[in-house]
Amino acid sequence: MATFLYKLGRLAFRRRHFVALIWVALLTLEGVGAASAPAAGNTSFSIPGTEAQKAFDLLDQRFPGTSSDGATARVVFKAPAGEKMTDKLNKATVKKTVRELSDGSEVASVTDPYKGKAVSKDGTIAYASVNYKVSGMELEDSSRDALKAAAQDARDAGLTVEVGGDALSATPETGSSEVIGIAIAAVVLVITFGSLLAAGLPLLTAIIGVGIGVSTITALASALDLGSTTSTLAMMIGLAVGIDYALFIVSRYRAELAEGREREEAAGRAVGTAGSAVVFAGLTVLIALVGLSVVNIPMLTKMGVAAAGTVAIAVLIALTLVPALLGYAGRKIKPAGEKSKLFGGGRAAKKHAGKPNMGTRWASFVVRRPVAVLLLGVVGLGAAAVPASSLQLGLGDDGSQPTSTTQRRAYDLLSDGFGAGFNGPLMVVVDARDSDHPKSAFNEVDNEIKGLKDVVTVAPAKPNKAGDTATITVIPKSKPSSTTTEDLVHAIRDKGTEITADTDAKVLVTGSTAMNIDVSQKLNDALIPYLILVVGLAFLLLIVVFRSILVPLKAALGFLLSVMAALGAVVAVFQWGWLSGLLGVEETGPVMSMMPIFMVGVVFGLAMDYEVFLVTRMREAYVHGEKPSQAVVTGFKHGARVVTAAAVIMMAVFSGFIGSSESMIKMIGFGLAIAVFFDAFIVRMAIVPAVLALLGKRAWWLPKWLDRLLPNVDVEGEGLRALSGNDAGKDDEDRELVRA
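This one's a predicted model, so the numbers in the text were calculated from it and none came from an experiment. (Residues numbered from 1 in each chain as written. Predicted model: local features only at pLDDT ≥ 70, side-chain atom pairs only at ≥ 80, totals over all residues. Heavy atoms only, no water.)

Visitor: Let's hear about the overall build of the protein: which residues, and what values?
Guide: Helix and strand content of the protein: 24 helices and 11 strands. Relative to all contacts within the protein whose residues are 6 or more apart in sequence, the contacts with residues 24 or more apart total 79%. Counting every atom, the protein has about 31,200 Å² of accessible surface; 60% of that belongs to carbon and sulfur. (Helix = DSSP H or I, 4+ residues; strand = E, 2+ residues; numbered from the N terminus. Contact = heavy atoms within 4.5 Å. Areas by Shrake-Rupley, 256 points an atom, 1.4 Å probe, with all protein chains shown as cover.)

Visitor: Tell me what's going on with the sheet that holds strand S3 (residues 125–132), and back it up with residues and numbers.
Guide: Spatial strand order, S2-S3-S1-S4: four strands in an open sheet with antiparallel pairing. The open sheet terminates on both sides in strands that have one partner only, identified here as strand S2 (107–110) and strand S4 (160–164). Going across the sheet, the axis of each strand differs from the next one's by a mean of 20°, ignoring polarity. Here S2 runs beside S3; their pairing, made up of three bridges, is antiparallel. (Pairing = 2+ DSSP bridges. Axes fitted to C-alpha atoms, helices over the stretch in contact; angles between N-to-C directions.)

Visitor: For the packing of helix H9 (residues 263–290) against helix H17 (residues 512–546), give the residues involved together with the corresponding values.
Guide: Axis separation between H9 and H17 bottoms out at 9 Å; the angle between their running directions is 165°. Relative to H17, the element H9 is oriented roughly antiparallel. Between H9 and H17 lies a crossing of right-handed hand. On the side of H9, the interface is formed by Phe280, Leu283, Thr284, Ile287 and Ala288, while H17 contributes Tyr530, Val534, Leu537, Ala538, Leu541 and Val545. Residues belonging to the contact of H9 with H17 are distributed by class as follows: 10 nonpolar, one polar and no charged. (Parallel < 35°, antiparallel > 145°, perpendicular 65-115°, else oblique. Left-handed = near helix turned anticlockwise from the far one by under 90°. Nonpolar A, V, L, I, M, F, W, Y, C, P; charged D, E, K, R; others polar.)

Visitor: Describe the packing of aromatic side chains, with residues and values.
Guide: Summed over all chains, the structure comprises nine aromatic pairs. Between Tyr622 and Trp700, the aromatic rings sit 5.8 Å apart at their centres with planes inclined by 20°, giving stacked as the arrangement. Residue Tyr622 is found in helix H20 (residues 595–623), and its partner Trp700 is found in the loop between helix H22 (663–695) and helix H23 (704–709); the two are separated by 78 residues along the sequence. Residue class for Tyr622 comes out partly exposed when judged on its relative accessible area of 23%. With 5.8 Å between their ring centres and 55° between their planes, Phe677 and Phe678 make a pair best called tilted. Note on Phe677: relative accessible area 34%, which makes it partly exposed. On the basis of relative accessible area, Phe678 is assigned to the buried category, the value being 10%. The positively charged end of Arg16 is found above the aromatic ring belonging to Phe13, 5.4 Å away from the centroid. (Phe/Tyr/Trp six-rings, centres within 6.5 Å; stacked < 30°, edge-to-face > 60°. Buried < 20%, exposed > 50% of the residue type's maximum accessible area, 1.4 Å probe, protein only. Lys NZ or Arg CZ within 6 Å of the ring centre and 35° of its normal.)

Visitor: Now, about the environment of Lys627: what can you tell me, with residues and values included?
Guide: Its location among the elements puts Lys627 in the loop between H20 and helix H21 (628–655). Along the primary structure Lys627 and Lys697 are separated by 70 residues, whereas in three dimensions their C-alpha atoms are 8.2 Å apart.

Visitor: An account of the environment of Ile313 is requested, with residue identities and associated values reported.
Guide: Among the structural elements, Ile313 can be located in helix H10 (residues 298–329). Taking the relative accessible area as the measure of exposure, Ile313 reaches 16% and is therefore buried. Along the primary structure Ile313 and Gly209 are separated by 104 residues, whereas in three dimensions their C-alpha atoms are 6.0 Å apart. Those residues within four positions of Ile313 in sequence are excluded, and the remaining contacts are Trp23, Gly209, Ile212 and Gly213.

Visitor: Could you give me a rundown of the pattern of salt bridges, with the residues and numbers involved?
Guide: The tally for this structure, following the rule as stated, stands at 20 salt bridges. Between Arg269 and Glu265 there is a salt bridge, with the nearest N and O atoms lying 2.7 Å from each other. Of this pair, Arg269 and Glu265 are both found in helix H9, four residues apart, which corresponds to roughly one turn of the helix. Of the residues examined, Arg269 reaches a relative accessible area of 11% and is grouped as buried. Put simply, Lys495 and Glu448 hold a salt bridge, and the shortest N to O gap is 3.6 Å. Residue Lys495 is found in helix H16 (residues 483–503), and its partner Glu448 is found in helix H15 (residues 438–450); the two are separated by 47 residues along the sequence. (Salt bridge = Lys/Arg side-chain N within 4 Å of Asp/Glu carboxyl O.)

Visitor: Residue-level account of the nonpolar core, with values.
Guide: Counting residues in each nonpolar core, the largest one holds 164 residues, and the members touching the most others are Tyr245, Tyr253, Phe559, Met599, Phe654, Phe670 and Leu672. No other element matches H10, which puts 18 residues into this core. Apart from residues lying up to four places away in sequence, Met599 is in contact with Val563, Ala566, Leu567, Val570, Phe604, Gly671, Leu672 and Ala675. Membership of the second largest hydrophobic core comes to 26 residues, among which are Ala71, Val94, Ala128 and Leu159. (Core = buried A, V, L, I, M, F, W, Y, C linked by side-chain atoms within 4.5 Å.)

Visitor: So what's going on with H17? Which residues, and what values?
Guide: When the terminal C-alpha atoms of H17 are compared, their 48 Å separation across 35 residues agrees well with the 51 Å that a helix rising 1.5 Å per residue should span. Of all the bends in H17, the greatest, near 35°, is centred on Leu527, and the proline Pro529 appears no more than four residues after it. Positive backbone phi, approximately 50°, marks Arg547, located one or two places after H17. (Expected span 1.5 Å × (residues − 1). Bend = angle between axes of the 7 residues up to and from the residue.)

Visitor: How would you summarise unusual backbone geometry if you had to cite specific residues and measurements?
Guide: A positive phi angle, near 65°, is found at Asp504, a position not held by glycine. Within the secondary structure, Asp504 sits in the loop between H16 and strand S10 (506–510). Even without a glycine there, the phi angle at Arg547 is positive, about 50°. By the secondary structure assignment, Arg547 is in the loop between H17 and helix H18 (550–575). Arg547 sits in the buried class, given a relative accessible area of 11%.

Visitor: Can you lay out the packing of helix H3 (residues 51–62) against H17 for me, pointing to particular residues and giving the numbers?
Guide: Interhelical geometry of H3 versus H17 gives an angle of 135° and a closest axis separation of 8 Å. In terms of orientation, H3 and H17 fall into the oblique class. Facing H3, whose interface residues are Glu51, Ala52, Gln53 and Phe56, H17 presents Ala514, Met515 and Asp518. Its residues placed into classes, the contact of H3 with H17 shows four nonpolar, one polar and two charged.

Visitor: Which residues make up the confidence of the model for the protein, and what values go with them?
Guide: Confidence in the prediction for the protein averages 81 pLDDT; 87% of positions are at 70 or higher. Put simply, helix H24 (residues 730–739) is where the protein has its lowest mean pLDDT, 45, and helix H13 (residues 370–385) is where it has its highest, 93. (pLDDT = per-residue confidence, 0-100.)

Visitor: Would you mind going over a nonpolar patch on the surface in detail, with residue names and values included?
Guide: Together, Phe18, Ile22, Leu26 and Leu29 line one region of the surface with nonpolar side chains, adding up to about 380 Å² of accessible area. For Ile22, the location among the structural elements is in helix H2 (residues 16–36). Taking the relative accessible area as the measure of exposure, Ile22 reaches 37% and is therefore partly exposed. (Patch = residues over 30% accessible without salt bridge, like charges linked within 9 Å, V, L, I, M, F, W, Y side chains within 5 Å.)

Visitor: Explain the pairing of strand S1 (residues 72–78) to me, using residue names and the numbers behind them.
Guide: For S1, a buried count of five out of seven residues is recorded, marking the element as mostly surrounded by other parts of the structure. Here S1 runs beside S3; their pairing, made up of seven bridges, is antiparallel. Bridge pairing in S3 places Arg74 opposite Ser129. Inspection of the sheet shows S1 paired to S4 by five bridges, in the antiparallel sense. Looking at the pairing, Arg74 lines up with Gly164 of S4.

Visitor: Talk me through the environment of Gly158; I want residue IDs and the actual numbers.
Guide: With respect to the helices and strands, the residue Gly158 is situated in the loop between helix H5 (141–156) and S4. Between the alpha carbons of Gly158 and Lys78 there is a distance of 9.6 Å; along the sequence they are 80 residues apart.

Visitor: Break down the side chain of Ser435 for me, citing the residues and quoting the values.
Guide: Here Ser435 lies in the loop between strand S6 (426–431) and H15. The residues contacting Ser435, other than those within four sequence positions of it, are Ala441, Thr503, Asp504 and Ala505.

Visitor: Describe the side chain of Asn423, listing the residues and the values that go with them.
Guide: With respect to the helices and strands, Asn423 occurs in the loop between helix H14 (406–418) and S6. At 3.2 Å, the side chain of Asn423 and the backbone oxygen of Tyr411 are in polar contact. Within the local environment of Asn423, its side chain forms a polar contact with the side chain of Ser415, the two groups lying 2.9 Å apart. Every residue in contact with Asn423, bar those within four places of it in the chain, is listed here: Arg74, Tyr411, Leu414, Ser415 and Pro480. (Polar contact = N/O pair within 3.5 Å; in protein donor to acceptor, adjacent residues only side chain to side chain.)

Right, dumping it as structure tokens:
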């Protein structure tokens with residue numbers, strides 16, 4: 001592989017006009033496609049296989065036209081101090097608002113508070129329920145605007161009005177987080193390279209790659225039902241890996257220049273060595289993202305595949321466009337150690353090569369004290385992982401929103417007026433088509449649920465026209481995200497099993513609260529199979545890369561340790577409330593159920609980037625004759641600075657999302673940033689060299705029978721030693737590569 005990539009790098013360097021034209025044409029083509037594609041809106045949401053989804057599907061069949069999974073809104077009214085909602089003027093204002101809410105092509109129904117008994121016992125709070133024909137993710141902006149306008153008119157009349165429900169839920173805005181991440185990345189790159197041009201190359205190529213990836217997603221969004229969250233994830237991951245991969249190539253190019261090689265030869269060797277690491281690092285990211293499909297949540301699968309496509313583009317750009325742009329830059333890209341005129345007066349590399357750099361000094365220290373460093377790193381991460389033992393998973397509701405939002409204020413008003421459980425009603429669906437006495441079955445379900453604890457009210461069964469299916473609304477005592485409400489859902493389902501045995505009527509529990517519980521359970525059940533799949537495939541891939549058993553095993557175990565520590569930090573902040581004020585966490589509660597599997601998928605792929613790039617440098621030194629301990633130091637000498645810069649850039653990109661007002665986005669940003677910190681600076685920078693120092697030659701042991709079976713991909717570039725640095729045979733190489 002190294003030889004092929006070496007030839008590809010030289011070809012891209014020499015034929016840079018052609019390569020640049022191809023990528024510009026692709027960017028233009030995808031941009032035109034995105035601009036001319038029909039607007040897709042937001043993706044539909046379904047969770048195949050869950051009881052809540054089965055109930056929704058059944059309701060669509062038995063109650064046609066009701067849009068059981070349609071968006072809902074609760075417009076909550078509060079009377080001024082000393083007044084009641086039943087007062088004449090307040091009542092007139094509410095009725096006018098109900099008429100305004102009824103207008104709209106997507107509105108299915110609106111409930112009058114005074115006819116639907118939706119006024120609190122003390123008369124100070126009332127609410128109107130609005131049901132829509134489409135889901136909250138598919139709701140048009142015009143419908144949301146009409147909802148906000150009606151609420152504002154009632155406020156102008158003197159009432160306190162807040163709006164809850166999923167009708168106002170929209171894709172959260174992260175503001176300038178991407179810009180902040182790029183700005184910090186630029187600063188880090190300038191410090192790393194000491195040159196604006198060298199720093200600008202990774203940024204430019206990453207932006208081009210993300211532009212092509214996101215434009216492709218936008219162009220296909222309508223046809224493939226891709227939502228805006230898909231492009232957001234692709235942008236976040238594509239930007240991070242795009243900068244990192246280009247950073248690896250440019251850094252190795254400058255190192256090759258410092259060795260005295262000609263620029264074309266240096267580009268070829270940079271792509272042949274660092275490019276090999278990029279290819280396999282990218283493959284681990286692809287495995288992690290595509291592997292999200294095992295969860296069997298369509299939206300998550302689409303997000304993973306789309307992000308994987310953007311990563312694949314980043315790899316191709318690093319292997320072709322980066323060396324082409326290096327050709328354009330010419331002598332403006334300085335060898336490693338030299339500074340540009342702006343940052344170092346154009347001074348040459350320091351001649352006192354005997355002075356070790358920071359990476360060399362750190363690696364030498366670790367090699368001398370491997371046991372102490374290993375114990376300190378493992379114990380430290382183990383301590384950080386302790387809170388993860390009390391991890392509680394759930395999906396956020398309006399109660400987890402910031403207090404500045406109307407959804408949260410509506411949630412609090414309803415809790416004050418009607419009880420905490422009123423914000424999470426359960427819908428029980430009774431399918432009595434196979435029952436001999438449907439009405440008796442409905443009544444039995446109603447009575448059984450009334451006998452359960454943590455139930456406030458049970459509404460009478462509402463059968464369909466055929467009389468074979470009914471819905472029963474249950475109001476719990478506890479808030480939707482509480483474990484008590486989750487226990488109630490399971491209790492109703494257990495009772496439903498008994499009722500089915502007695503009456504042949506099937507009992508299903510649905511609603512947003514039940515759906516959240518089912519999604520959390522589905523994600524939790526999929527975590528172990530996902531870990532086995534992703535870590536197992538990556539383990540096999542790394543065996544091929546490093547031709548070792550223990551090095552991939554160490555990489556996988558180190559990753560698991562860093563992920564557990566990151567989950568512990570997330571629990572400590574978002575569930576326990578540690579440092580919550582500093583991070584702007586207004587409401588603690590269960591950790592988002594998607595967080596563990598999402599963190600595993602994203603962080604695993606990114607962590608393997610650092611593992612592959614750092615350890616291939618060590619492997620390269622070992623294969624070329626250095627002792628194992630010296631190979632560790634050599635790997636850090638050449639790779640520590642680059643890996644540090646890559647990790648800081650990654651953390652900057654993810655940390656930009658901590659400032660989001662949306663609690664889930666804030667949690668994702670914090671979780672990914674702290675996971676990269678743990679993995680890059682504790683696992684890869686401390687535990688990995690300590691373990692390799694302790695293992696010595698055993699680290700690179702591979703059974704002879706397995707060595708014969710594995711393909712020789714030559715990631716360390718051993719085959720490049722046979723290639724000369726002169727220009728002879730360039731045309732033959734071009735023709736050979738074109739034929740390949």
